[in-house]
Each structure stands twice: as structure tokens, then as C-alpha cells.
Amino acid sequence: MDSNPLGATAHEEPFDCTLQAGSKAMVQPLLVAVQRLTGVETTFLTLTDWSTRSQDIVLALNTGEALVAEGSRAAWCDALCQQAFDGGTVCSSDVPRDFGGSAEAVRSGLRSFFALPLAASERTVGFLCGASRSVAAPGAAELETVALIGQAMASQLQLERRTREAEARHLEATETIARLMHQASTDGLTGLPGRALMLARLEKMMDDVRNGRRLALCYLDLDGFCVVNDQLGHEAGNAVLVAAAERLRRVIRHSDFAARLGGDEFVLLLDGIDSVAEVHVVVDRVLESMAQPYPLAERTLQLTASIGVALYPDHGQMAEQLLRAADQAMYRAKRMGKNRACLTGLDPDRPLADQALLEELRLAMETDQLVLHYQPKVCARTREPRGAEVLVRWQHPARGLLAPGAFLPVLAGTPLEVELDLWIIERAVRQLADWHAAGRPLPLSINVTAGTLALPGLAARVAGIMAAAGLPALSPEGCAAIELEVLESTALNDLGAARAAILDCARQGISIALDDFGTGYCSLSYLRQLPVQALKIDRSFVMNMLGSDGDMHIVRAVIGLARAFKLTTVAEGVETPDHARTLAELGCHQLQGFGVARPMPAPALEAWLAQQAGRGQGA
């Protein structure tokens, strides 16, 4: 074996060095040059793992049979390099003879092998190696040239090492600066981030918003906190703030961010928001948590919180804009009674829960969660079916079947209210068209709100829906197939517009009924100007008529008024046979209420109609 032309020996000192892409690109041509110079089949570069004194093969060039592979280790390579740890360069043209003491070396089948240690900062970090099963090892002159190539490789590794050390120093300095900044911008009392960190995080979260998702900023203020400081002192106030901060940490989601601005004001940043309903879930948890008792040394306190919510990008494009919007919404929550949340928006006084419910309702319309039920109306004298009123229900995926009172009030005055009216009209007309085709014509009454009645071209739109469904305007009995029910108070709000809309409907064969009649103080003069076809007596008068002379007089007066104007009367809220009998005696035309039949889905109504028809035939 030859001596070490590089004059380097291995040192068992740890050296963190890996071959990066840039170094690999520079070293690989040198490895090709070594192979061409020596004629061996395989040349490769190793880096030493000092924990096991093993060689990691990080770059390999095989021209024939692959003796080694990149990213691997070879037992024979470790065995042949062992002598280089003590004696420097290893070079053998007869491996079985020179390394006969190593079973791994003998089993390798190699004829020749050489390994030159690569030194970086006077430390050996790996070896430049060559191996062959057929040719002899390079001679002294060739080995000297290989040594010069090895020095170039070692220089590249040294440069890489220095670069990595500089990067490590830079990373350490950056982490130190970040740690100091964190200490300077973290609230010392609660441990929450302060305003500066919150704004920085908000800017980052705004930059990361993608694919139509939103970010919610919630501005929270404890209700009545100043009283705690004034009456119990700052120590008690601090204890409340620490407890409030800990509660925020517990109830927000893992991806959310909580900060303290100062005093009793906190900010929550909710990331990846798809809907207001999602914000409502988190805010509800926060409000519930803040309302729990605060046990202090002297007494237990009961506090609440008010929260203002602003959404990005809906309510501002800049961080400070969002913060101001949420702050204003928080003060509205306080004016509305505290212990609640308000959302920034076009309807600022609407609670966050209502905003969330509106979003849920829109989704319900789009996913067919809303269903129609039908409550029959019968002739007061014969009890024969005369039609049915269409009533909407919400088949909520979590809360079950919801009655209109659970969700319709939140729609009042919103664009979604009109959308829902039109949705109901379209679905009801389709169902009625199916019944007509099956030989079961049954006039339907559909409630419409003030916004829908004022919709330009409402009559033409309803007529178009009927035509598209193949539904004739009149039933075989000559009655209007569709009747729109309008609240008496709605018609009186704008008498001229109501009259015009009702006349348009009449021209299209659509009749109009005044709903809840008797509650809107309609005068005879007004009634004469409204070309309606029916009056529906409000259920409150009908239900109390048997026990109240006043309500009985009102019911009798409405029936007489309708008779004078040749209008049909429908009594709502008929609960008992006594109600039904008395109304028939007074001359009321139609009855509706639980005493007749409850609202039911379409299949149940079909069965009910069949049952009524059977009774009629039996009679």
C-alpha cells in the first residue's frame, strides 16, 4: 500500500457537513476526471458519520457493474477505509492480500481500491475513493494528481462548511431578535401577544386568505370591568384579566389567535372562515366562557363580555380598518344590552346570531332543507275541502323540523325574504301542477310579504311560473288556482301600490286575500279601494270568540262586512266543533285550523283528501 500524498489523517471530531446541490454540481465533474485518470469502474465520495465511524456514500459514478449507490453505506467500504483513519491514504492493487484480515474486504471481490482523506479546517470529513474488480490501482504519479483533485473537493467542502456556519450564526441572531421582540410585544400580565404582534399576525393572515374564505376579527370588551378596579382594587382586576385570557386560550380553535390590546380589551383573529355561522359558534363559546363566575380572594364576580365582529375582506382591506369596524360593532353590542356580539355590516343593529341564521337559511334554500306543508281549508257548512294554505318548514340537519316562527322573523326586511317568497311560490305551483295532472285540483293560498307585493311585475312573474309548470290560472270549478295572502297591515302601508299590484294579479287570474283581517284597522273606504277576493279573520278573534263578547262582535262584523262587499270569509284558528258550528251559523264561508286539520306534507294531504272524498261518498 502507498503512503498518504495529501498528508492528512483522520480526526475523530464531529463535523456537520452534508453535500448540498451546489457543491454536488461542482464535485461531480472532478469525480469523472478521477475515473478517467485511474481507469477504475467506480469512483465515489463519502462523508464520515463519526458516531459509528461509518461512511455515507453521497456521490457515486459507476461505469460498469454498480459497486456502490448514492445515499447508502457499504460494509466493505467501511472496512477498507478503517486504515485511513490512522495511516492516511489507502491504495491497494491486491485487496485480498492487503486486507486479508477483513472478511468484508475479501467478500467484496475487489482487486484494487484507493481512499484519500478529505480535510476541511484540519479535520478529515470524508474520503475520495475508487474501486475496481478488474484493473490495478493507480500508480504514484496518477495518485498525486488524484490528491490534487481531492484537495479541490476538500476546499469545496470547507467553503460549504463555512457557509453553513454563517447561516447558523445568522439563524441564531434572528431567533434572538425574535425572542427579544416577543418579550417586548407580549403582555406581561396575561402572557398574550400585544397590539404590535396582533397587527403583524393580522397582516400575515390577510395575505394568506385564499379561495373565497374569510378572516374574522373579534373585538372583545369586558362589561362592567371598571367597577372591579374601582371597588376591589387593581389586584382583583388583574386576577380577572388573567382568568379571562386563560379562558380565551381554552375556547378558541387551534388556528385562531388571541391578543390583549390593553385594559379589558382583547382581540381574537379567527382564520379560515367560510360563513358567519362559523364565527357565531366560536363567539358563542367565548361569551359563555366569559360569563362564568370569577372566584377571587374576597368574593366571586359575575361579568359578561360584548364583542364586535368584522370580516376580511368584507368590512375593510387594511388591518386598522378592520380593527375600527370591529370596535364600533362592539360598542353597538353594549348599547343593545351587552353580553352579545354584533357584526359590522349594512344592518349593524342586527345581532350576530341573526346574521348567522340568515346565512344558514340561504344555504337551506340552496340545499333543499326547506319543505312545504299544507293546511286544508273546508266549507263551513258541508266540511268539503276548498283549498289549502301553503306553509314553509325547515328540516334542519341538527335541530329537526322547525316551524316558521323559529326562522321567518329574522328574514323581515331582508332581500332573502323576497327570495324565499318566490321560492315557495315556485315549489307550490309545481306541486299544484302535479295534482292537477293527477285529477286532484286544489286551490292553494300562498303568503307573500310586503317586499314581494311591491316587486315590479310580481303578477307577470307568478303567471310565468304557472305557465312554465303547465298550471291553468283557473281550476275546473272556475276558482283561481293560486291565491296570494297579504297581511292587512301590509296593504295599508302603501294603499296605492297595493291596489296596483292586486289589480295586476286579478288580470292574470290570481286572487288576493287579506290575511289577519281585523288587526290593521282597515276602514270601509280602504277596503272599497282594494279589489281583494277574500278576508281571513285573524285567529286571535276566532279563538276567543266563544268567551269574549268583544271578539264575537268583531267576528260577526267582519263576516257582515265581507257579505256586503261580496267577499269570501275564511276563519283561521278554528280549534273546536263549537267554533266551527258558530262560524257556520254566522255565515262564514270557510274554516281553517287545528280543529279541521293540521299542516301536513303533500303525501299526507293527498291521503287526507282521499279520506274526505270517501266520507262524502259514504254519506
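See the structure above.
Being a predicted model, the structure only gives us computed values, none of them experimental.

The rules behind these values
- Residues numbered from 1 in each chain as written.
- Predicted model: local features only at pLDDT ≥ 70, side-chain atom pairs only at ≥ 80, totals over all residues.
- Heavy atoms only, no water.
- Helix = DSSP H or I, 4+ residues; strand = E, 2+ residues; numbered from the N terminus.
- Rg over C-alpha atoms; globule rule 2.2 N^0.38 Å.
- Buried < 20%, exposed > 50% of the residue type's maximum accessible area, 1.4 Å probe, protein only.
- Contact = heavy atoms within 4.5 Å.
- Areas by Shrake-Rupley, 256 points an atom, 1.4 Å probe, with all protein chains shown as cover.
- Disulfide = S-S within 2.5 Å.
- Pairing = 2+ DSSP bridges.
- Axes fitted to C-alpha atoms, helices over the stretch in contact; angles between N-to-C directions.
- Left-handed = near helix turned anticlockwise from the far one by under 90°.
- Core = buried A, V, L, I, M, F, W, Y, C linked by side-chain atoms within 4.5 Å.
- Expected span 1.5 Å × (residues − 1).
- Right-handed = clockwise from strand over helix to strand, strands pointing away.

> So what exactly am I meant to see when it comes to the overall build of the protein chain here?
Along the backbone of the protein chain there are 22 helices and 21 strands. Its C-alpha atoms give the protein chain a radius of gyration of 43 Å, clearly above 25 Å, the size a compact globule of 619 residues would have. Expressed as lengths along the three principal axes of its C-alpha atoms, the size of the protein chain is roughly 130 × 70 × 40 Å. Here the protein chain holds 619 residues, and the buried ones make up 49% of them. Restricting the contact set of the protein chain to residue pairs at least 6 apart, pairs at least 24 apart contribute 65%. Carbon together with sulfur atoms contributes 52% to the accessible area of the protein chain, which is approximately 28700 Å² in total.

> Any chance you could explain the state of the cysteines here in plain terms?
In a disulfide, the sulfur atoms of two cysteines are covalently bonded to one another. For the structure shown, the criterion picks out 0 disulfides. Cys218 forms no disulfide, and the closest cysteine sulfur to it belongs to Cys342, at a distance of 12 Å. Exposure remark for Cys218: the relative accessible area of 0% places this residue in the buried category.

> Mind showing me how you'd approach unusual backbone geometry here?
Both trends apply: most residues other than glycine have a negative phi, and most peptide bonds are in trans. Cis geometry is found at the peptide bond from Tyr312 to Pro313, where omega equals 10°. Tracing the backbone through its elements, the reader meets Pro313 in the loop between strand S11 (304–312) and helix H11 (319–335). Phi is positive for Lys338, close to 70°, though the residue is something other than glycine. If you trace the backbone, Lys338 turns up in the loop between H11 and strand S12 (341–343). Residue Lys338 is classed as partly exposed on the basis of its relative accessible area of 38%.

> What am I meant to see in the sheet that holds S11 here?
Whether parallel or antiparallel, the strands of a sheet pair through hydrogen bonds between backbone atoms. Read across the sheet, 5 strands follow the order S7-S8-S6-S11-S12 without closing on themselves; strand pairing throughout is mixed. Two strands close off the open sheet at either side, each with one partner strand: strand S7 (257–262) and S12. Within this sheet the neighbouring strands show an average axis-to-axis angle of 20°, counted without direction. As paired elements, S11 and S12 share 3 bridges and run parallel to each other.

> Would you explain the packing of helix H9 (residues 234–251) against helix H10 (residues 276–290) in this entry?
Angle between the axes and distance between the axes are the two parameters that describe a pair of packed helices. In the contact formed by H9 and H10, the axes pass within 10 Å of each other and the chain directions differ by 145°. Once H9 is placed against H10, the crossing between them reads as right-handed. In this structure, H9 uses Ala244, Arg247, Leu248 and Val251 to contact H10, whose residues at the interface are Arg285, Val286, Ser289 and Met290.

> Can you help me understand the nonpolar core in this one?
Side chains of nonpolar character tend, in soluble globular proteins, to be buried together. Within the largest apolar cluster, 82 residues are counted, with the highest numbers of intra-cluster contacts made by Ile482 and Leu484. With 12 residues, the top contributor of residues to this core is helix H13 (residues 415–437). Apart from residues lying up to four places away in sequence, Leu484 is in contact with Ile425, Ile446, Val448, Leu458, Cys505, Ile510, Ser511, Ile512 and Ala513. Among the nonpolar cores identified, the runner-up in size contains 38 residues, and Leu241, Val279, Val282 and Leu287 belong to it.

> I tried to follow helix H20 (residues 549–564) on my own but got confused; where do I start?
Residue pairs three or four apart in sequence face the same way in an α-helix, which turns once every 3.6 residues. In this model, H20 (16 residues) spans 22 Å end to end at C-alpha, consistent with the 22 Å of a helix rising 1.5 Å per residue. Asp551, Met552, Val555, Val558, Ile559, Leu561 and Ala562 are the residues of H20 that are buried. Count one or two residues on from H20 and you reach Lys566, which has phi positive near 55°.

> I tried to follow the pairing of S11 on my own but got confused; where do I start?
For a regular strand, side chains alternate in direction, first toward one face of the sheet and then toward the other. Across the 9 residues that make up S11, a large majority, 8, are buried. Sheet topology note: the strand S6 (residues 214–223)/S11 ladder contains 9 bridges and is antiparallel. In the strand pairing of S11, Ala216 is matched with Leu311. For the segment spanning S11, H11 and S12, crossover handedness is left-handed.

> What's the story with helix H21 (residues 577–586) in this structure? I'm lost.
Inspection of H21 places His579, Ala580, Thr582, Leu583 and Leu586 among the buried residues, and these make up the whole buried set. Among the structural elements, helix H19 (539–544), H20, strand S20 (568–571) and strand S21 (590–591) are those in contact with the buried residues of H21. The positive-phi residue at the C-terminal boundary of H21 is Gly587, with phi of around 100°.

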